[in-house]
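Chain by chain, the residues run as shown.
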Amino acid sequence: MKIGIISGSVREGRRSSAVAKWVLDGAAGRGEGFEYEVIELADFNVPLMTSPTPPGALGGKYEQPEVRAWSDAVAACDAFVFVTPEYNHGIPGGFKNAFDWLAGEWTRKPVAFVGYGANHGVRAVEMWRLVVANFHMFDVRAAVALSLFTDFDGRTPKSTEQLTGQRTAMLDELEFIARRLA
Ligand SMILES: Cc1cc2nc3c(=O)[nH]c(=O)nc-3n(C[C@H](O)[C@H](O)[C@H](O)COP(=O)(O)O)c2cc1C
């Protein structure tokens, strides 16, 4: 089964790439059955969602090649880790825009969250839970919550016992749900 770790910021100088890599490092050597891959959202240049037809009604047929590539990358995954910053007490607009372009690609798949921000990104993560419910996604309760002030060495999360413990607990639950669904 394939698990996509989505690096969810499209900002220049974003922190999400290093956080996604830290999640990937934590997934190394976890055993059989799961293949983890970082999906760098910014690489897709997903355009603004201006489609006159709601994407859910497009049946996966997208005009723009950027959206097709994004759709293919998401459709190839059986489960996700959303690496999400908090912007203005909520989820980042670029990530939400890219999420909004797709529908069936997300549907009934499990998703876990790694949030970061001044208050550990918890408002963004909780907001994501409301959003992913629309596609019957199975959100994992265990999450990683990173403080910008205490949990980073530069752009990379510290590998303290507490944080690696959160990471392991999150991946354990995500794999458990993915296995059950399979
Ligand atoms: C537009 C914007 C709004 C932000 N709002 C918040 C916020 O409400 N709460 C918070 O904890 N951090 C906030 N921040 C700080 C971000 O958490 C911090 O810049 C983080 O590195 C952003 O993630 P990124 O580097 O992956 O884009 C904001 C940053 C930006 C760019």
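This text goes with the structure placed above it.
Report follows, based on the coordinates. Computed from a predicted structure; not experimentally measured.

On to the site of the ligand, then. In the region of the ligand, 15 residues are neighbours, and S9, R11, Y87, Y116 and A118 sit closest. A distance of 3.0 Å separates a nitrogen atom of the ligand from a polar side-chain atom of E86. At 2.7 Å from a nitrogen atom of the ligand is found a main-chain nitrogen or oxygen belonging to N88.

We now examine helix α4 (residues 122-132). Taken residue by residue, α4 has A124, V125, W128, R129, V131 and V132 as its buried positions. With its buried residues spanning 165° around the axis, α4 presents them on a single face. Packed against the buried residues of α4 are β3 (79-85), α3 (93-101), β4 (110-117) and β5 (138-139).

For the rest of this paragraph, the subject is the nonpolar core. Judged by nonpolar contacts, the single largest core of 30 residues is most densely connected at W70, F80, F82, F99, W106 and W128. It is α4 that provides the largest number of residues to this core, a total of five residues. Those residues in contact with F82, other than ones at most four positions away along the chain, are I6, F95, F99, W106, V111, A112, F113, V114, W128 and V132. By size, the runner-up hydrophobic cluster in this structure holds 26 residues, among which are V19, A20, L174 and I177.

Moving on to the packing of aromatic side chains. Evaluation of the coordinates by the stated rule reveals 15 aromatic pairs. Taking 5.5 Å as the distance between ring centres and 65° as the angle between the ring planes, the aromatic pair formed by F99 and W128 counts as edge-to-face. Here F99, found in helix α3, pairs with W128, found in helix α4; they are 29 residues apart in sequence, far enough to count as distant. The exposure class assigned to W128 is buried, which follows from its relative accessible area of 0%. Taking the centre distance of 6.2 Å and the plane angle of 70° together, the rings of Y116 and F152 count as edge-to-face. Of this pair, Y116 sits in strand β4 while F152 sits in strand β7 (residues 152-153), and the two are 36 residues apart along the sequence. Accessibility expressed as a relative area gives 4% for Y116, which makes it buried. Judged by its relative accessible area of 10%, F152 falls in the buried class.

The rules behind these values
Residues numbered from 1 in each chain as written. Predicted model: local features only at pLDDT ≥ 70, side-chain atom pairs only at ≥ 80, totals over all residues. Heavy atoms only, no water. Near = heavy atom within 4 Å. Polar contact = N/O pair within 3.5 Å; in protein donor to acceptor, adjacent residues only side chain to side chain. Buried < 20%, exposed > 50% of the residue type's maximum accessible area, 1.4 Å probe, protein only. Helix = DSSP H or I, 4+ residues; strand = E, 2+ residues; numbered from the N terminus. Arc of directions from axis to C-beta. Contact = heavy atoms within 4.5 Å. Core = buried A, V, L, I, M, F, W, Y, C linked by side-chain atoms within 4.5 Å. Phe/Tyr/Trp six-rings, centres within 6.5 Å; stacked < 30°, edge-to-face > 60°.

Purely geometric stuff here, so don't read any function into it on its own.
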